[in-house]
Amino acid sequence: MIFDKIQSDGFEQLVYCNDPQVGLKAIISIHSSVLGPAVGGCRMWNYTTEEEALVDVLRLSKGMTYKAAISGLNWGGGKAVILGDPKADKNPKMLERYGEFVNRLGGHYVTAKDVGIGADDLRTIKKKTSHVLGIEGDVGSSGDPSPLTAWGVYNGMKACAQFAFKSSSLKGTKIALQGLGSVSYYLLEHLVAEGAQVVACDIDKGMIDRAVKKYGIEVVAPETIYDVKCDIFSPSALGASVSAQTLPRIKAKVVAGAANNQLATPEQGFEMQRLGMIYAPDYAINAGGLINIYYEDSARGVYSRARAEEHVGKIYQTITTILERSRDERLPTHVIADRIAEERILKARI
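Thresholds, definitions, all that
- Residues numbered from 1 in each chain as written.
- Predicted model: local features only at pLDDT ≥ 70, side-chain atom pairs only at ≥ 80, totals over all residues.
- Heavy atoms only, no water.
- Axes fitted to C-alpha atoms, helices over the stretch in contact; angles between N-to-C directions.
- Helix = DSSP H or I, 4+ residues; strand = E, 2+ residues; numbered from the N terminus.
- Left-handed = near helix turned anticlockwise from the far one by under 90°.
- Contact = heavy atoms within 4.5 Å.
- Nonpolar A, V, L, I, M, F, W, Y, C, P; charged D, E, K, R; others polar.
- Buried < 20%, exposed > 50% of the residue type's maximum accessible area, 1.4 Å probe, protein only.
- Arc of directions from axis to C-beta.
- Polar contact = N/O pair within 3.5 Å; in protein donor to acceptor, adjacent residues only side chain to side chain.
- Core = buried A, V, L, I, M, F, W, Y, C linked by side-chain atoms within 4.5 Å.

Draft legend 1. Inspection of the packing of helix α5 (residues 146-165) against helix α12 (residues 315-329) at higher detail. The contact between α5 and α12 brings their axes to 8 Å, and the two run at 35 degrees. Remark: the crossing between α5 and α12 carries right-handed chirality. Every residue of α12 that contacts α5 at G152, N155, G156, K158, A159, C160, Q162 and F163 is listed here: I315, Y316, I319, T320, L323, E324 and R327. Here the residues of the contact of α5 with α12 are counted per class, giving seven nonpolar, five polar and three charged.

Draft legend 2. Molecular detail of helix α7 (residues 205-215). The set of residues buried in α7 consists of I208, A211 and Y215. Across the axial projection of α7, the buried residues extend over an arc of 75 degrees, all falling on one side. In α7, those exposed residues whose orientation departs by more than 90 degrees from the buried face are K205, K213 and K214. The inward-facing, buried residues of α7 contact α6 (182-194) and β8 (218-219). Between the side-chain oxygen of the N-cap and the backbone nitrogen of G206 there are 2.7 Å, and the N-cap of α7 in question is D204.

Draft legend 3. Focus on the side chain of D121. Checked against the element boundaries, D121 lands in helix α4 (residues 119-125). Side-chain polar atoms of D121 contact the side chain of K90, separated by 2.7 Å. The contacts of D121, once residues within four sequence positions are left out, are K90, L95 and G116.

Draft legend 4. Representation of the nonpolar core within the structure. Of all hydrophobic cores here, the largest spans 64 residues; its most connected members are M157, L191 and I319. The element that contributes the greatest number of residues to this core is α5, accounting for nine residues. With sequence-adjacent residues up to four places away left out, L191 is seen in contact with Y154, M157, L170, I175, A196 and V198. Counting 25 residues, the second-largest nonpolar core is a separate cluster that includes V15, A38, M44 and Y98.

Listed below in structure tokens is the structure:
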């Protein structure tokens, strides 16, 4: 059954890591290493079942392959999940043991942070392996990925605006921003500076207060953000926000945001195309964080912010290419994005 699951989507390797003495139950998924080492964060989550953890790690690692490929990075896609409550079950011995399993892969998989795993955890993991990136605060680290993720989303939005409204300027554009987390906070800086009109929501009052205090934006209740009449709807919180139930409520020409897995099902991508809406595929527009870490050389302890920013700025052209091919080939943008990524991987195989 597991072989059927991994063979159907071309996964290369699945590693189960187990050490009951330290409470470690983890899965490392390497989807592809055709373009380079499989890079992706380690997530610690209190999964309901082992099957749920397996589905998550497979989905996430495949997504990293496509994100790296479409962004022009010489990396493949990988991911790891540790089963357990990060607040109750995490301990240094567990993390060190996980590091030993990563080290056994010899650089075939490079780990980083994700939900439930932070910079201090990565430092503990690094005691047992050098195959770690993105340790915020360390010498040569690329630091917080949020600013450059936001920079990429901003450039992707401008590409969408050019395609939809014949102008890349966001001045006077009304944007419904769903979520006011770290990426959105940095995104607001660019949007407000350019003169965009932002209406936002969040479930966290602290996030709302911070954004309103600095940028004076309008805020609505989370359940009403879909009903805001706007030019751009920006999903920047949880995944699957564009669903069969919510899509009919979206009053925007463009959907472009920072969230992962924005489409509840692929059908929403086809429906947006039918409605004449412009959709920026999530893993193409939100790749700034991954691109940022690409310019970190942990072995030499150096990081090039300038090169990272320049590369992230190219997301404008990536989104433009997707939109133009979608128009010319009469296919939804999420299908085109997949094709572009797959074409690059196929070319590398030859």
